[in-house]
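Here is how the chains run, residue by residue.
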Amino acid sequence: MDNSLKTMDKIVALCKGRGFIFAGSDIYGGLANTWDYGPLGARMKNNIKDTWRKRFIQERKNSYEMDADILMHPRVWEASGHVGSFSDPLLDCKECKMRFRADNLIDDFDPNAHADGMTKQEMFEYIKAHSIPCPHCGKHNFTEIREFNLMFKTFRGVTEDAKSVIYLRPENAQGEYVNYLNVQRTMRAKLPFSIGQIGKAFRNEITPGNFTFRTIEFEQMEFQTFCKEGTDAELYEYFKQFGKQYYEDLGLPAEHLRFHDHEKLAHYAKAACDIEFLFPFGWGEINGTHNRTNFDLARHQEYSGTKLEYLDPETNERYIPYIIESTYGLDRTFLALLCEAYDEEVIDAEKNDVRTVLHLNPVIAPYKAAVLPLSKKLSDEAMKVYDKLSKKFMVDFDENGSIGKRYRREDEIGTPYCITFDFDSLEDGCVTVRDRDTMEQVRLPIDQLESYIQDKIVF
Ligand SMILES: [Zn+2]
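Residues numbered from 1 in each chain as written. Predicted model: local features only at pLDDT ≥ 70, side-chain atom pairs only at ≥ 80, totals over all residues.

Things to note about the overall build of the chain
Within the chain one finds 15 helices and 23 strands. With the principal axes as the frame, the chain shows a C-alpha extent of 75 × 65 × 50 Å. Within the chain, buried positions represent 35% of all 459 residues. Put simply, 64% of the contacts in the chain that link residues at least 6 apart link residues at least 24 apart. (Helix = DSSP H or I, 4+ residues; strand = E, 2+ residues; numbered from the N terminus. Buried ≥ 20, exposed ≤ 12 C-beta atoms within 10 Å, placed from the backbone. Contact = placed C-beta atoms within 7 Å.)

Set out below in structure tokens:
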């Protein structure tokens, strides 16, 4: 099924109906742009994290994971530049009072206008010159463009004074930066080395979001490589390609991925490139690789008064390392994998028989297998197979409905193998294993199931 034929409505419905993702605070009518991962979604998200840990931490030399607090000293965000310049250019429609991002208005009006290369003044003049209408009410009567800071601000303690202001982190990176010498010393690391982290970040975005694509709370898997100036350009290119390969290995085909180099760079970056995936709603960023130079560490040295130089043991030089950052949006990666995997297959055109199936890479599928007793009379014996396999994998057990219906339910949640326990199984100790994608069946001894499944889960 071509990605252009898939609709977000169908994917959202499947997510809600099968326990992947629910609307946040649903019983209260929801809270815009928040989503809760259900049992299958949480499982799949953890599986994606595991692949990232394996590829970025476990298999790489000089790579370390850490888990920093979300709350940091408020000076961190002054040093990082987020207090001063982490903002969106917003304007309001004076007629209907809706608020918009100026760059989005322009890009939606003309995708070739490249608003990301315009200044605030240029954007304002462009919107005026082209009489861009309000997407909500259709009139053209906007306020000036104002910069709105995207950080969530809260107050620590009992008083709401400026001294007790504290922010929810808008990116994980600063947790790695302020700890880079702690990691370097305790791990006796030499440049180049990397610190990775999986965690939540928060941005007060106004743009509604295409399901979980744009949310105010999101999870990042990010990887910071500390290196000597002069080696940064090569590492930057390396991590762009490394990220694309990671996505291809997870199951996103090369023709649905592309690089997008940034024209307008963030305040900290020397070069920036996204990996975009072709979603049903169009191309969207799922990874960003940035050459952040020594900006962050130099600023932290200045603002904290703590020396952050690295002493090169070979040359005895002291210098502040450069940083190459490669950040993976976990929720976006999840959504990309789900959209890519979604398929509707015509089994029998005459009978109008169509199956919905998620062709997920088995490594990220919520369940690796489902045990299905052919009759409820066989449930106790089949449960022994479940008990055995569940020590190794997440396994489902379903004894309700016809076997055909049960297959379809498992197809719809991407379970790669259905194991049917029938009356012969009592005699021969074998079960039938059905492959989700080919629907072919093989008969296997129960004691070979574990290695059979294990061999298919490769990453
Ligand atoms: Zn309006």
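Right, picking up where we left off after that structure.
Structural notes on the packing of helix 5 (residues 102-109) against helix 6 (residues 120-129)
Contact pair helix 5 / helix 6: the axes reach a minimum separation of 10 Å and the direction vectors enclose 45°. Between helix 5 and helix 6, the interaxial angle falls into the category oblique. By crossing handedness, the relation of helix 5 to helix 6 is classed as left-handed. For the pair helix 5 and helix 6, the contacting residues are A102, D103, L105 and I106 in the first and M123, Y126 and I127 in the second. Taken together, the residues of the contact of helix 5 with helix 6 sort by class into six nonpolar, no polar and one charged. (Axes fitted to C-alpha atoms, helices over the stretch in contact; angles between N-to-C directions. Parallel < 35°, antiparallel > 145°, perpendicular 65-115°, else oblique. Left-handed = near helix turned anticlockwise from the far one by under 90°. Nonpolar A, V, L, I, M, F, W, Y, C, P; charged D, E, K, R; others polar.)

Quick word on helix 9 (residues 232-250)
In this model helix 9 runs 27 Å from its N-terminal to its C-terminal C-alpha over 19 residues, within 8% of the 27 Å that 1.5 Å per residue would give. All of the buried residues along helix 9 are D232, L235, Y236, F239, K240, G243, Y246, Y247 and L250. Down the axis, helix 9 shows its buried residues gathered within 145° of arc, on one side only. In this structure, helix 9 carries E234, Q241 and Q245 as exposed residues pointing more than 90 degrees from its buried face. Phi turns positive, to about 125°, at G251, one or two residues after helix 9. (Expected span 1.5 Å × (residues − 1). Arc of directions from axis to C-beta.)

Some remarks on the sheet that holds strand 3 (residues 63-65)
Here seven strands make up an open sheet; going across it, the order is 3-9-10-16-13-12-11 and the pairing mixed. Each edge of the open sheet is held by one strand with a lone partner, namely strand 3 and strand 11 (257-261). Across this sheet, the average inter-strand angle for adjacent strands is 25°, counted without regard to direction. Here strand 13 (residues 282-291) pairs with strand 16 (residues 322-329) via five bridges, running antiparallel. Bridged to T289 within strand 16 is S326. Here helix 2 (residues 39-58) sits on the sheet in contact with strand 3, strand 9 (193-202), strand 10 (217-227) and strand 16, set at roughly 145° to strand 3. (Pairing = 2+ DSSP bridges.)

Remarks on the sheet that holds strand 6 (residues 146-149)
Pairing in this open sheet of three strands is antiparallel, and the strands run 5-4-6 from one edge to the other. Of all strands in the sheet, those with a lone pairing partner are strand 5 (99-101) and strand 6, marking the two edges. Pairwise comparison of adjacent strand axes, ignoring direction, gives a mean angle of 50° for this sheet. Relative to strand 5, strand 4 (residues 87-92) runs antiparallel, the two being bridged by three bridges. In the sheet register, L90 faces strand 5, and the bridge partner there is R101. Along the sheet face, helix 5 touches strand 4 and strand 5 and points at about 70° away from the line of strand 5.

What about the domain arrangement of the chain?
Here the domain parsing of the chain yields domain 1 (3-77 + 154-339), domain 2 (87-149) and domain 3 (367-456). Of note, the centres of domain 1 and domain 2, computed from C-alpha atoms alone, are 28 Å apart. At the junction of the two partners, domain 1 supplies five residues and domain 2 supplies seven residues. Residues belonging to the side of domain 1 that touches domain 2 are distributed by class as follows: one nonpolar, two polar and two charged. (Domains from an automatic or database assignment.)

As for the nonpolar core
Taken as a class, soluble globular proteins show a tendency for nonpolar side chains to be buried jointly. Ranked by size, the top nonpolar core spans 58 residues in total, and within it A336, L337, A369, A370, V371, I419 and F421 carry the most contacts. Of the residues forming this core, the biggest block, seven residues, is contributed by helix 11 (residues 330-341). Counting only domains with at least three residues in this core, you end up with domain 1 (3-77 + 154-339) and domain 3 (367-456). When neighbours within four sequence positions are excluded, I419 is seen to be in contact with A369, A370, V371, L372, V385, V431, V433 and L449. (Core = buried A, V, L, I, M, F, W, Y, C linked by C-beta atoms within 7 Å.)

Let's talk about the environment of A79
Structurally, A79 can be placed in helix 3 (residues 74-79). Since 23 C-beta atoms lie within 10 Å of it, A79 is described here as buried. Placed 151 residues apart in sequence, A79 and G230 show a C-alpha to C-alpha distance of 24 Å.

A look at the environment of K49
Examined against the element boundaries, K49 turns out to sit in helix 2. Assessed through the 17 C-beta atoms surrounding it within 10 Å, K49 is described here as partly exposed. Along the chain, K49 and M221 lie 172 residues apart, while their C-alpha atoms are 7.6 Å from each other. The residues touching K49, leaving out its near neighbours within four places in the chain, are I198 and M221.

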